[in-house]
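# Summary of the model geometry
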Amino acid sequence: MTIWAATACGAKGKGMLPLPTRRAALDHLRRFVPRAGASYASGRNTDPGPGKPSAVSRLSSVVRYRLVTEQDVVAEVLGRHSFNAAGKFIQEVCWRTYWKGWVELRPAVWQRFLAERDAAKREADVMAAEAGRTGIDCFDAWARELVETGYLHNHARMWFASIWIFTLRLPWTLGADFFLRHLIDADPASNTLSWRWVAGLQTAGKTYLARADNIARYTEGRFAPRGLAEEAAALTEPPVGPAGKLEALATPDMAAPSLLLVHHEDLNAESLFAADAPVRGVLAACDPALLWGDAARRFAGEAMADAATRAETHFGCGSTLADRLDAETLLSAARAVGARQVLTPCAPVGPVADALAGLEPVLAAEGIALRPVRRRWDAGLWPHARRGFFAFDAEIEGHLRAEGML
Ligand SMILES: Cc1cc2nc3c(=O)[nH]c(=O)nc-3n(C[C@H](O)[C@H](O)[C@H](O)COP(=O)(O)OP(=O)(O)OC[C@H]3O[C@@H](n4cnc5c(N)ncnc54)[C@H](O)[C@@H]3O)c2cc1C
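The structure displayed is predicted, hence computed values, not measured ones.

Rules used throughout
- Residues numbered from 1 in each chain as written.
- Predicted model: local features only at pLDDT ≥ 70, side-chain atom pairs only at ≥ 80, totals over all residues.
- Heavy atoms only, no water.
- Domains from an automatic or database assignment.
- Contact = heavy atoms within 4.5 Å.
- Buried area = accessible area lost by both parts, 1.4 Å probe.
- Salt bridge = Lys/Arg side-chain N within 4 Å of Asp/Glu carboxyl O.
- Core = buried A, V, L, I, M, F, W, Y, C linked by side-chain atoms within 4.5 Å.
- Buried < 20%, exposed > 50% of the residue type's maximum accessible area, 1.4 Å probe, protein only.
- Helix = DSSP H or I, 4+ residues; strand = E, 2+ residues; numbered from the N terminus.
- Expected span 1.5 Å × (residues − 1).
- Arc of directions from axis to C-beta.
- Pairing = 2+ DSSP bridges.
- Phe/Tyr/Trp six-rings, centres within 6.5 Å; stacked < 30°, edge-to-face > 60°.
- Lys NZ or Arg CZ within 6 Å of the ring centre and 35° of its normal.
- Axes fitted to C-alpha atoms, helices over the stretch in contact; angles between N-to-C directions.
- Near = heavy atom within 4 Å.
- Polar contact = N/O pair within 3.5 Å; in protein donor to acceptor, adjacent residues only side chain to side chain.
- Areas by Shrake-Rupley, 256 points an atom, 1.4 Å probe, with all protein chains shown as cover.
- Nonpolar A, V, L, I, M, F, W, Y, C, P; charged D, E, K, R; others polar.

## Structural notes on the domain arrangement of the chain
Domain annotation for the chain reports domain 1 (22-103 + 381-402), domain 2 (116-218) and domain 3 (258-374). On a C-alpha basis, the centres of domain 1 and domain 2 stand 23 Å from each other. If you look at the interface, domain 1 gives 17 residues, while domain 2 gives 21 residues. Carbon and sulfur atoms supply 56% of the area buried between domain 1 and domain 2, which totals about 1,700 Å² over both sides. Among the residues domain 1 hides against domain 2, the three largest losses belong to Asn45, Asp47 and Trp99. Together they make up 36% of the total. In this assembly, domain 1 and domain 2 are joined by two salt bridges. The shortest N-O distance in the salt bridge between Arg96 and Asp187 comes to 3.5 Å.

## Details of the nonpolar core
Core analysis: the largest hydrophobic core is formed by 118 residues, its most contacted members being Trp142, Trp164 and Leu260. For this core, the element with the highest residue contribution is helix H13 (residues 294-315), accounting for 11 residues. Ignoring any residue separated from it by four or fewer positions in sequence, one finds Trp142 in contact with Asp47, Leu152, Ala156, Trp159, Phe160, Ile163, Ile215, Thr219 and Phe223. In terms of nonpolar packing, the next biggest core, distinct from the first, is built from 21 residues, Leu330, Leu331, Ala333 and Ala339 among them.

## Let's talk about helix H6 (residues 108-119)
Look at H6: 16 Å from first C-alpha to last across 12 residues, which is about the 16 Å you get at 1.5 Å a residue. What H6 keeps buried is the set Val109, Trp110, Phe113, Leu114 and Arg117. Viewed along the axis of H6, the buried residues span an arc of 140 degrees, placing them on a single side of the element. Exposed residues lying more than 90 degrees from the buried face of H6 are Ala108, Asp118 and Ala119. Tucked inside the fold, the buried residues of H6 contact helix H5 (87-105), helix H10 (172-182), helix H11 (188-199) and helix H15 (351-365).

## Regarding the pairing of strand E1 (residues 258-262)
Along E1, five of the five residues are buried, which leaves the element largely enclosed by surrounding structure. Alternating residues of E1 divide into Ser258, Leu260 and Val262 and Leu259 and Leu261, and every residue in both groups is buried. One ladder, built from three bridges, connects E1 with strand E4 (residues 341-345); its direction is parallel. Counted as the bridge partner of Leu259 is Val342 from E4.

## Comments concerning the packing of aromatic side chains
What the rule picks out here adds up to 26 aromatic pairs. Grouping aromatic residues by their ring pairs yields a cluster made of Trp95, Tyr98, Trp99, Phe389, Phe390 and Phe392. Over the face of the ring belonging to Trp102 we find Arg106, whose NZ or CZ atom lies 3.9 Å from the ring centre. Positioned over the ring face of Tyr151 is Arg157, at 5.4 Å from the centre of the ring.

## As for the pattern of salt bridges
In the structure shown here, the tally under the stated rule is 30 salt bridges. For the salt bridge of Lys100 with Asp187, the shortest nitrogen-to-oxygen distance reads 2.9 Å. With Lys100 in helix H5 and Asp187 in the loop between H10 and H11, this pair connects stretches of sequence that are 87 residues apart. You can call Lys100 buried: its relative accessible area is 4%. Between Glu397 and Arg401 there is a salt bridge whose closest N-O contact spans 2.9 Å. On the criterion of helical spacing, the pair formed by Glu397 and Arg401 is a turn pair, its members being four residues apart in helix H17 (residues 389-402). Shared partners join several salt bridges into a network, and the residues in it are Arg66, Glu70, Arg96, Lys100, Asp187, Asp266, Arg375 and Asp378.

## Description of the sheet that holds strand E5 (residues 369-373)
Reading across the sheet, the five strands line up as E3-E2-E1-E4-E5 and stay open at both edges, with parallel pairing between neighbours. Both edges of this open sheet fall to strand E3 (319-322) and E5, since each of them pairs with a single strand only. Averaged over neighbouring strand pairs, the angle between their axes works out to 25 degrees when direction is ignored. Two elements, E4 and E5, share five bridges in a ladder whose sense is parallel. Along E5, the bridge assignment pairs Leu343 with Arg371. Lying on the sheet, H15 is in contact with E1, E4 and E5; it crosses E5 at an angle near 145 degrees.

## Some words on the site of the ligand
Around the ligand, the structure places 27 residues, and the nearest of them are Tyr40, Ser57, Arg58, Asn154 and Asp185. Here a nitrogen atom of the ligand and a backbone polar atom of Asp185 are 2.9 Å apart. Protein contact buries 96% of the 820 Å² of open area that the ligand shows by itself. At the level of secondary structure, the elements contributing two or more residues to the shell around the ligand comprise helix H3 (60-64), H5, helix H9 (154-167) and H11. Among the elements that line the shell around the ligand, the one with the most residues is H5, at six residues. Per-class residue counts for the shell around the ligand are 15 nonpolar, six polar and six charged.

Okay, structure coming up:
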């Protein structure tokens, strides 16, 4: 049993990012909500720099691990603003849902990224870029800011990725890996697809070029980079296959004595399973091997302890914190409470989903069924991520109405 105790944020980010508890996440969200309308829409592109007040929410770490869900965020915002007034902010939240759905329908894109990343050579110029020693003022500052705080503004992520690919001409997969190892919100879908988008792979042929005047304007004159690439020819790749279907999930047996497995892809089990679900015990497993960087591991580890406490209260049973998600840990927790079923939030494409796929037959051999449960938000919206974002965007209002949120 392990409890991580380190602080969640680097020195410069401290105080600006929410701490890893649901209470802190909700407080942070509620402080932001009054600014989710016009001030977000007009100010969101400006990056005033680390430690400075900004128009964006800085909610990404708590949304990524689902200390608050996209549904929580949108519901809070709609409690204060109309759908149209907060349209830009809701749209950005739904970019995350779109990327998650897009990868869910094409999981091979994540596997392709991993294979290309592992084959790429980490030469001296990659090390210099990661260390912030390229001589490009803004790029070097963002490399250091990322490592020190675990966060970058969206516009800085776009400029950074563009300079990495088109000015420094480094392999995009190694840039994406650098982000994965340092972002607290490091996410297989949002990170991989955003890098692919900058590179011209995601929307084939359409690249993002970082321009010096745009950087100077939206960093309020903090930077005046020289020598940036003046054109950005799209990278190419073999075609990505057509979108598949969401995996159908078996219905859980709501009479079977169950273990609830909480993993770091969804730290909000009490909004997914009713208090009278047959949960006899909770295993809260945060395996550091299933994340990429220490800042994310510390954040998720602390958030897991908070999730375990909430689950104990909600289900009225005991919980065990574990730092391994393996067969031995899961089987012994299931046996300890006489479970015939393991209930768990459905994990999206990534290392936790891979781990669960490996554990399912081991549990089955012991007569224990693994039953992942998908959120209505994901089940309702992910299937629409078959084409570009604008087709997806057109479905959002209808989904919110169908869910009674509008
Ligand atoms: C190259 C690159 C890599 C990225 N890697 C990640 C990543 O690993 N994890 C991650 O969560 N986001 C990633 N993003 C998306 C985006 O930059 C961050 O979600 C956003 O900057 C977080 O800051 P915020 O919470 O203040 O966002 P806000 O502008 O306040 O937006 C609110 C929420 O909406 C979601 N969101 C906003 N913009 C995007 C977007 N473009 N794509 C997906 N979700 C979005 C986030 O959950 C965010 O917390 C990446 C973007 C780029 C360009």
